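# Structure at a glance
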Amino acid sequence: MPKRTVAVAKQHDTLFDLVSRGRSGPGGRIRLSPGQLEEVARTVRRTPEVMVKVSGGARDTGGAKAHFDYIDRHGKLEIHTDDGREIIGKDAAAELVDDWNLDMSKGQYRPAPAEGEKDNRPKVVHNIVLSMPAGTDAPSVLAAAKKFARENFAMQYRYAMVLHEDQKHPHVHLVVKAEHEYEPGKRLYIRKATLQQWREDFAVALREQGVAANATPRQVRGENRTNKKDAIHQRLKDIADYEQLPADEKAKRRAPKDSTFMRRKVEEVAKELKAGTLVDEPGKEKLKETRKAVREGWIATAEVLRAQGQAELAKEAEAYAKAMPPPRTDKEMIAAGLLAQIEAQRQRGSRAPKAPDVAKKRGGG
């Protein structure tokens, strides 16, 4: 059957393909399926988005054990395994490393690279995080994570997971063995398309638990945050997580190191702001083009919805497109954050009861 394709922006094949996937109905008109209608409704009504992220991985048994120790808080939290067990205790990490035969993994005994050199050793495990926004029922997140892992890895790759509830957003740390259990030489490779499929699978599992969840690609939602390298992303997350901890918990843990990459970038932006000129980053025009195409895609979808008798949903789709903010580069987002901090400091200063007291605190006379 002929299909009308609305090309919006490409990420692999088609980034925004709700309309292009619609089947022709009577008279050759495009019709969205009930599932696609639900997908549109979830997105325009801003249903909470799932997060599935690869947070790194270990390249030897020592690294794998250290990660297990981290996610189970050195034996204090339950580890849920692929064979239905719930293990807990200081020996749990070592037990899993032994049970998974990680000491037999490919590349396990290759020497680690010198400091500053790239580590090309194959991973023995992948570290994955499945997360939902604050307020989501944590047991439901764990139940959905179990189904997600079972459907994607069972009888292929060994896996285990731990639920974390010590932050506002409940999340599950999932560790997956990189080598296939029954096909020698076959390994788990994770690509961008894989992550998007996993997001969709996790969202379905959450909805089956009664949790409102969506998995629309970021660009389709009008977001353009760029992905940082895994190590940088994890460092920033560790810092943010540490800052959210209560004071007594902070006292028990070592503060994570600051990100020199981000500090350098912030300093560069601060200098440009002080000089009064924020130089555009490469790719700014591409962001504008992508945002324009995404808006056009939503308008085209609204036309299909209206022709299909979904007038109210069509209005919501048009409003969603119009409400998208202008795209911003990393530099522009950092600049906005700096300016917001300056304004907050100014407001705090203006509310000070006595100017001399404020001056003394600042070292003035």
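The coordinates are above.
Residues numbered from 1 in each chain as written. Predicted model: local features only at pLDDT ≥ 70, side-chain atom pairs only at ≥ 80, totals over all residues. Heavy atoms only, no water.

### Let's talk about the sheet that holds strand β8 (residues 171-177)
- With antiparallel pairing, the six strands of this open sheet are ordered in space as β3-β6-β8-β7-β4-β5. Looking at which strands have only one partner, the edges of the open sheet turn out to be β3 (51-58) and β5 (86-87).
- In this structure, β3 lies alongside strand β6 (residues 125-131), joined through seven bridges in antiparallel fashion. Bridge assignment links Met51 to a residue of β6, and that residue is Ser131.
- Sheet contacts for helix α4 (residues 138-153): β4 (79-81), β5, β6, β7 (159-164) and β8; angle to β7, the most-contacted strand, approximately 165°.
- Sheet contacts for helix α5 (residues 192-208): β3 and β6; angle to β3, the most-contacted strand, approximately 125°. (Pairing = 2+ DSSP bridges. Helix = DSSP H or I, 4+ residues; strand = E, 2+ residues; numbered from the N terminus. Contact = heavy atoms within 4.5 Å. Axes fitted to C-alpha atoms, helices over the stretch in contact; angles between N-to-C directions.)

### So, the pattern of salt bridges
- Per the stated rule, a full pass over the model turns up 24 salt bridges.
- Its salt-bridge partner being Lys147, residue Glu151 comes within 3.7 Å of it at the nearest N-O pair. Here Lys147 and Glu151 lie together in helix α4, a separation of four residues that amounts to about one turn.
- Take Glu151: its relative accessible area is 55%, and that puts it in the exposed class.
- For Lys147, a relative accessible area of 23% translates into the label partly exposed.
- Three or more residues are tied together by salt bridges with common partners; here these are Asp82, Asp83, Arg85, Glu95, Asp99 and Arg158. (Salt bridge = Lys/Arg side-chain N within 4 Å of Asp/Glu carboxyl O. Buried < 20%, exposed > 50% of the residue type's maximum accessible area, 1.4 Å probe, protein only.)

### Re unusual backbone geometry
- Phi at His74 takes a positive value of approximately 55°, unusual for a residue other than glycine.
- Its identity is not glycine, yet Asn101 carries a phi of approximately 55°, on the positive side.
- Turning to its location among the elements, Asn101 is positioned in the loop between α3 (92-99) and β6.

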